[in-house]
Amino acid sequence: AEAAEREVFQHFGRLLSDWGVKVLASTLGRFLSAEQLQALLDHDTLAAQEDQVFGFLTEWTAAGEAEAKKQHAMNSVSPWVVCRFAHLSPAFLIEAAKLE
């Protein structure tokens, strides 16, 4: 499990490109809790641009919105807290401003 985690950290950006944001968000969303996703996305060795993290979180939220809200209500953990909005590109800042 530790080796798999290390691979995801080191190749997250490439996985997003190869698999597509929607597929990766759906796949990881099935296997990881909100707390685990938060830890993954907040890890210092995560190899991804902030726009990629934002896109992933947007898809993850859309894919499991009901489940995410339920988990959030139960444990107050949200992977969104690790999104570094200050590092988003201007286009993604506009998208972020449209979120509730």
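### Some points on the packing of aromatic side chains
Here comes step 1: This model, assessed by the stated rule, comprises 5 aromatic pairs.
Here comes step 2: Arranged with centres 6.3 Å apart and planes meeting at 75 degrees, the rings of Phe54 and Phe85 form a pair that is edge-to-face. You can see Phe54 sitting in helix α4 (residues 50-63) and its partner Phe85 sitting in the loop between α5 (65-75) and α6 (90-98), a full 31 residues away along the chain.
Here comes step 3: Note on Phe54: relative accessible area 3%, which makes it buried.
Here comes step 4: Overall, Phe85 belongs to the partly exposed group, its relative accessible area being 35%.
Here comes step 5: Judged by centre distance (6.3 Å) and plane angle (5 degrees), the rings of Trp80 and Phe85 are stacked.
Here comes step 6: Cluster of aromatic residues (ring-pair linked, three or more members): Phe54, Trp80, Phe85 and Phe92.

### Details of the side chain of Glu50
Here comes step 1: Position of Glu50 among the secondary structure elements: in helix α4.
Here comes step 2: For Glu50, a relative accessible area of 11% gives the class buried.
Here comes step 3: Leave out the neighbours within four places in its chain, and Glu50 touches Val82, Cys83, Arg84, His87 and Leu88.

### Thoughts on the packing of α4 against α6
Here comes step 1: Where α4 meets α6, the closest approach of the two axes is 10 Å, and the angle between their N-to-C directions is 30 degrees. The pairing of α4 with α6 is recorded here as roughly parallel in orientation. In this structure, the crossing between α4 and α6 has a hand that is left-handed. Contacts between α4 and α6 involve Asp51, Phe54 and Gly55 on the former and, on the latter, Phe92, Glu95 and Ala96.
Here comes step 2: Considering only residue class, the contact of α4 with α6 consists of 3 nonpolar, 1 polar and 2 charged.

### Brief notes about the pattern of salt bridges
Pairing between side chains of opposite charge can happen when their charged atoms approach one another.
Here comes step 1: Under the defined criterion, the tally for this structure stands at 4 salt bridges.
Here comes step 2: The salt bridge involving Arg84 is made with Glu50; its shortest N-O contact spans 3.7 Å. Of this pair, Arg84 sits in the loop between α5 and α6 while Glu50 sits in helix α4; the two residues are 34 residues apart in sequence, bridging distant segments of the chain.
Here comes step 3: One salt-bridge network, held together by shared partners, links Asp42, Glu50 and Arg84.

### Some thoughts on the side chain of Thr27
Here comes step 1: Among the structural elements, Thr27 can be located in helix α2 (residues 21-31).
Here comes step 2: There is a polar contact of 2.8 Å between the side chain of Thr27 and the backbone oxygen of Val23.

How each quantity is defined
- Residues numbered from 1 in each chain as written.
- Predicted model: local features only at pLDDT ≥ 70, side-chain atom pairs only at ≥ 80, totals over all residues.
- Heavy atoms only, no water.
- Phe/Tyr/Trp six-rings, centres within 6.5 Å; stacked < 30°, edge-to-face > 60°.
- Helix = DSSP H or I, 4+ residues; strand = E, 2+ residues; numbered from the N terminus.
- Buried < 20%, exposed > 50% of the residue type's maximum accessible area, 1.4 Å probe, protein only.
- Contact = heavy atoms within 4.5 Å.
- Axes fitted to C-alpha atoms, helices over the stretch in contact; angles between N-to-C directions.
- Parallel < 35°, antiparallel > 145°, perpendicular 65-115°, else oblique.
- Left-handed = near helix turned anticlockwise from the far one by under 90°.
- Nonpolar A, V, L, I, M, F, W, Y, C, P; charged D, E, K, R; others polar.
- Salt bridge = Lys/Arg side-chain N within 4 Å of Asp/Glu carboxyl O.
- Polar contact = N/O pair within 3.5 Å; in protein donor to acceptor, adjacent residues only side chain to side chain.

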